[in-house]
Amino acid sequence: MTEQPFLPPLERFYQWEKQRPDAVWLSQPEGNDQWRDYTWAQVGDQARRMAAALQELGLKHGDKVGLYGANTARWVMTDIAIMMAGGVSVPIYASMPEDKLLYIMEHSDMTVLFADDSCAMNLDTLMQTVGNSVQLISLTDSGGHKNWTELINTYSPVAGSPVRAADDLWSISYTSGTTGKPKGVMHSFETLPYSVAHMPEMTKTNEQSVFFSYLPLAHIAERGVVELHSLYCGGHVYFNESRETFVRDLLRARPTFFLAVPRIWHNLKAGIVNQMGEEAWKQLLKNPEAAREAGKKILASMGLERVTYAFSGSAPIPATDIEAWMTLGMPLYEGFGQSETLAGTANTPDAYRFGSIGKMISDEAEMKITEEGELCLRSQGNMLGYYKDPEKTAETIIDGWIHTGDKVRVDEDGFVFITGRVKDIFKTAKGKYVAPAPIEQRFGTLNCLEQLCLVGRGLPQTILLVVLNEPAIARDKAELAEELQATLNNVNAELEVHERISHIVICQEDWSIENEMLTHTLKIKRDEVEEKLRSTLELCVAGTDSPIVWE
């Protein structure tokens, strides 16, 4: 596929609408294994009708419009409609609790909010809470609110194909707020979309490509790497109805491009291992030819046999997980990007190194490493800044460079390796710094772990906190402890004295968004996890009979 001149998202949409009006862009599950397809022409008609509705409801150029709902075709059509109507989209995680939702609504100066009943606050509660401060529109036609079907049936399509200036504010994407209030990352029609426009060349996606959308569209990765990516290559997007229908919907879609965060890749692998048995899995990986043959059946059973490019991002993934998937025949590539810029790095079929986040995606983007080892990025895809926060903007963008907060090293061939977060590094009581990420990744060989977090700020020695996955919970405790102990011994033998782990604590409760141990992008809140388990950590320091501790 030859690279095309950059077009902002709306113009790119109009191009497909004109060239392929009857081709399906979006496929929406509607329960009982029923699906509804939307062609480029149908999306254009409904988006224009909603754009007209928004303008009739008083939306002015630059007004902020919230999108608070599950991944659906209507979410994407609303996104297009907001662009057509002159608004600025403000995606919000469906799991966002009331306090943060209300903060974002007020901070962003939101005038309209699209929502559905999948959210942490349902529509009726929302109506009672927000009152007349914003106009609430139901994406699911429920309740006594203005709703999607009513509005598109009432209004005629907005005339023509309205366009926006390239430097117009396109969207404000709020971070998950791990260290305080969420920050509003501002992108124009030529910043983040410019970065995504180059992706089809890297991933070899085109009009025949199929995407599967299930990670929150409020997450910049899903919005860029799936929604916008499909828009720029002309591919077909299937949506996941619910967690319970994930496997069924994935089998229906059979995507050619698949995005997942490391936790999902690890859990999918753990499910395979549990079905096969640990010993059979280990033997399979020792025989690449047999693994590739078995992989065909395994991937087909999951709906992933057609994937030509699979992507892992958002957090570091253990090299052993990538190696296992690649051995099965899954072309899995790790990359790096942030809400502030998606013009980051990625592995590709032509340039690949295990354990790295690859090389720079675009020749037009630049990278530099500070004396402290922090990765900095500069490109046309960099954010405009943080909404209403010039101080944070000035801390993050210095002389045009985004300071990512990630520490890295670069090998002799230009491949970049993350060594930790600048803010995650901590000092033990011995006065020496520990970078937790590289140590945590050494435990990637264990298929029994769902989550893990290394802590040790002010402690005599580091301690590893872990959550078991479902198959491991049912295992014999003595056998499990023996496996953890063996891995602990092996890892400690490779660490410096001040880094060595004194205990592995097996936690009884999962870390989740609901108990505020995870962000909405599924990153572990290290400080919150450490504080919640403070009493257990103190018992470990006081001394226990075994280095494997059950909370």
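From a predicted model like this one, the values you see are computed outputs, not experimental measurements.

Cut-offs used in this document
Residues numbered from 1 in each chain as written. Predicted model: local features only at pLDDT ≥ 70, side-chain atom pairs only at ≥ 80, totals over all residues. Heavy atoms only, no water. Helix = DSSP H or I, 4+ residues; strand = E, 2+ residues; numbered from the N terminus. Rg over C-alpha atoms; globule rule 2.2 N^0.38 Å. Buried < 20%, exposed > 50% of the residue type's maximum accessible area, 1.4 Å probe, protein only. Contact = heavy atoms within 4.5 Å. Axes fitted to C-alpha atoms, helices over the stretch in contact; angles between N-to-C directions. Parallel < 35°, antiparallel > 145°, perpendicular 65-115°, else oblique. Left-handed = near helix turned anticlockwise from the far one by under 90°. Nonpolar A, V, L, I, M, F, W, Y, C, P; charged D, E, K, R; others polar. Pairing = 2+ DSSP bridges. Right-handed = clockwise from strand over helix to strand, strands pointing away. Polar contact = N/O pair within 3.5 Å; in protein donor to acceptor, adjacent residues only side chain to side chain. Patch = residues over 30% accessible without salt bridge, like charges linked within 9 Å, V, L, I, M, F, W, Y side chains within 5 Å. Areas by Shrake-Rupley, 256 points an atom, 1.4 Å probe, with all protein chains shown as cover. Salt bridge = Lys/Arg side-chain N within 4 Å of Asp/Glu carboxyl O. Lys, Arg positive; Asp, Glu negative; His and termini not counted. Charge placed at Lys NZ, Arg CZ, Asp CG, Glu CD. Phe/Tyr/Trp six-rings, centres within 6.5 Å; stacked < 30°, edge-to-face > 60°. Lys NZ or Arg CZ within 6 Å of the ring centre and 35° of its normal.

Q: Can you lay out the overall build of the chain for me, pointing to particular residues and giving the numbers?
A: Along its length, the chain carries 20 helices and 28 strands. Whereas a compact globule of 551 residues would reach a radius of gyration of roughly 24 Å, the chain reaches 24 Å, a difference of no more than 12%. For the chain, the spread of C-alpha atoms along the principal axes amounts to about 75 × 50 × 45 Å. Residues classed as buried in the chain amount to 56% of the 551 residues present. Pairs at least 24 apart in sequence give 67% of the contacts found in the chain among residues at least 6 apart.

Q: Can you explain the packing of helix α4 (residues 98-107) against helix α5 (residues 123-130)? Please cite residues and give values.
A: As a packed pair, α4 and α5 sit with axes 12 Å apart at the nearest point and diverge in direction by 55°. Our classification of the angle between α4 and α5 gives oblique. α4 and α5 meet at a crossing whose hand is right-handed. Here E98, L101, L102 and M105 of α4 come into contact with α5, specifically with L126, T129 and V130. When the residues that make up the contact of α4 with α5 are grouped by side-chain class, the tally is five nonpolar, one polar and one charged.

Q: Any chance you could break down the packing of helix α11 (residues 262-276) against helix α12 (residues 278-285) for me, citing the residues and the numbers?
A: Close contact between α11 and α12 brings their axes to 6 Å; oriented N to C, the two are set at 110°. By the angle between their axes, α11 is roughly perpendicular relative to α12. As for the relative orientation of α11 and α12, their crossing is right-handed in sense. Facing α11, whose interface residues are K269, I272, V273 and M276, α12 presents E278, A280, W281 and L284.

Q: Just give me the short version of the pairing of strand β14 (residues 332-338), but keep the residues and values in it.
A: Most of β14 is tucked away: six of the seven residues are buried. Across three bridges, the pairing between strand β13 (residues 309-312) and β14 is parallel. The residue of β14 that forms the bridge with S312 is E334. With respect to chirality, the unit in which β13 leads through helix α14 (residues 319-327) into the neighbouring parallel β14 is right-handed. In this sheet, strand β15 (residues 341-346) lies alongside β14 in antiparallel orientation, the contact comprising three bridges. Its bridge partner being in β15, G335 is matched across the sheet by A346. Where β14 folds back on β15, the antiparallel hairpin that results is connected by two residues.

Q: Account for the sheet that holds strand β16 (residues 359-360), with residues named and values stated.
A: The sheet built from five strands is open, its strands ordered β12-β13-β14-β15-β16 with mixed pairing. At either margin of the open sheet sits one strand with a lone partner, and together these are β12 (257-260) and β16. The sheet strands contacting helix α9 (residues 220-233) are β12, β14 and β15, and the helix crosses β12 at an angle near 175°.

Q: Describe the side chain of H187, listing the residues and the values that go with them.
A: The residue H187 is located in strand β9 (residues 184-188) in this model. One polar contact links the side chain of H187 to the main-chain carbonyl oxygen of S339, over a distance of 2.8 Å. Other than its neighbours up to four places away in sequence, H187 contacts L169, W170, S171, L192, S339, E340, G381, N382, M383 and L384.

Q: Help me get a handle on a negative patch on the surface, residues and values and all.
A: Taken together, the side chains of E98, D99, E516 and E528 define an acidic patch exposed on the protein surface. Summarising the element assignment, E516 is placed in the loop between β27 (501-507) and α19 (526-532).

Q: So what's going on with the sheet that holds strand β1 (residues 24-29)? Which residues, and what values?
A: In a beta sheet, neighbouring strands are held together by backbone hydrogen bonds and run either parallel or antiparallel to one another. Pairing is mixed in the open sheet, where four strands are placed in the order β2-β1-β11-β10. Both outer strands of the open sheet, β2 (35-39) and β10 (210-213), are each paired with one neighbouring strand and no more. Across the sheet, the mean angle from the axis of one strand to that of its neighbour is 20°, orientation sign disregarded. Relative to strand β11 (residues 236-239), β1 runs parallel, the two being bridged by two bridges. Among the inter-strand pairings, S27 is bridged to a residue of β11, identified as Y238. Each of β1 and β2 touches helix α2 (residues 40-56); the most contacted strand, β2, lies at about 85° to it. In the packing of helix α10 (residues 246-253) onto the sheet, the strands contacted are β2, β10 and β11, and the crossing angle to β10 comes to about 165°.

Q: Quick one: what's the story with the pattern of salt bridges, residue by residue and with numbers?
A: A complete count under the given rule lists 25 salt bridges for this structure. Note that D141 and R74 form a salt bridge whose closest N and O atoms lie 3.3 Å from each other. Separated by 67 residues along the polypeptide, D141 in the loop between β6 (135-138) and β7 (146-147) and R74 in helix α3 (residues 73-85) bring together distant segments of the chain. Judged by relative accessible area, which is 30%, D141 ranks as partly exposed.

Q: Requested: an account of the pairing of β6, with residues and values cited.
A: Across a regular strand the side chains alternate sides, sitting on one face of the sheet and then on the other. Where strand β5 (residues 110-115) meets β6, four bridges bridge the pair, whose relative direction is parallel. Looking across to β6, one finds that A115 is bridged to S138. Relative to β7, β6 runs parallel, the two sharing two bridges. Of the residues in β7, the one forming a bridge with S138 is N147.

Q: Describe the packing of aromatic side chains, and please don't skip the residues or the numbers.
A: For the structure on display, the rule yields 20 aromatic pairs. For the pair Y309 and Y333, a centre-to-centre distance of 4.7 Å together with 35° between the ring planes defines the contact as tilted. Taken together, the residues Y309 in strand β13 and Y333 in strand β14 connect sequence positions 24 residues apart. With respect to burial, Y309 and Y333 carry one shared label: buried. When the ring of Y352 is compared with that of F354, the centres are 5.3 Å apart and the planes differ by 85°; the resulting orientation is edge-to-face. A relative accessible area of 22% means that Y352 is categorised as partly exposed. Put simply, the rings of F211, F257, Y309, F311, Y333, Y352 and F354 touch in pairs and so form one group of aromatic residues. Across the ring face of F415, the terminal group of K359 is positioned such that the distance to the ring centre comes to 4.8 Å. The cationic tip of K477 hangs over the ring face of W550; the distance from NZ or CZ to the ring centre is 4.4 Å.

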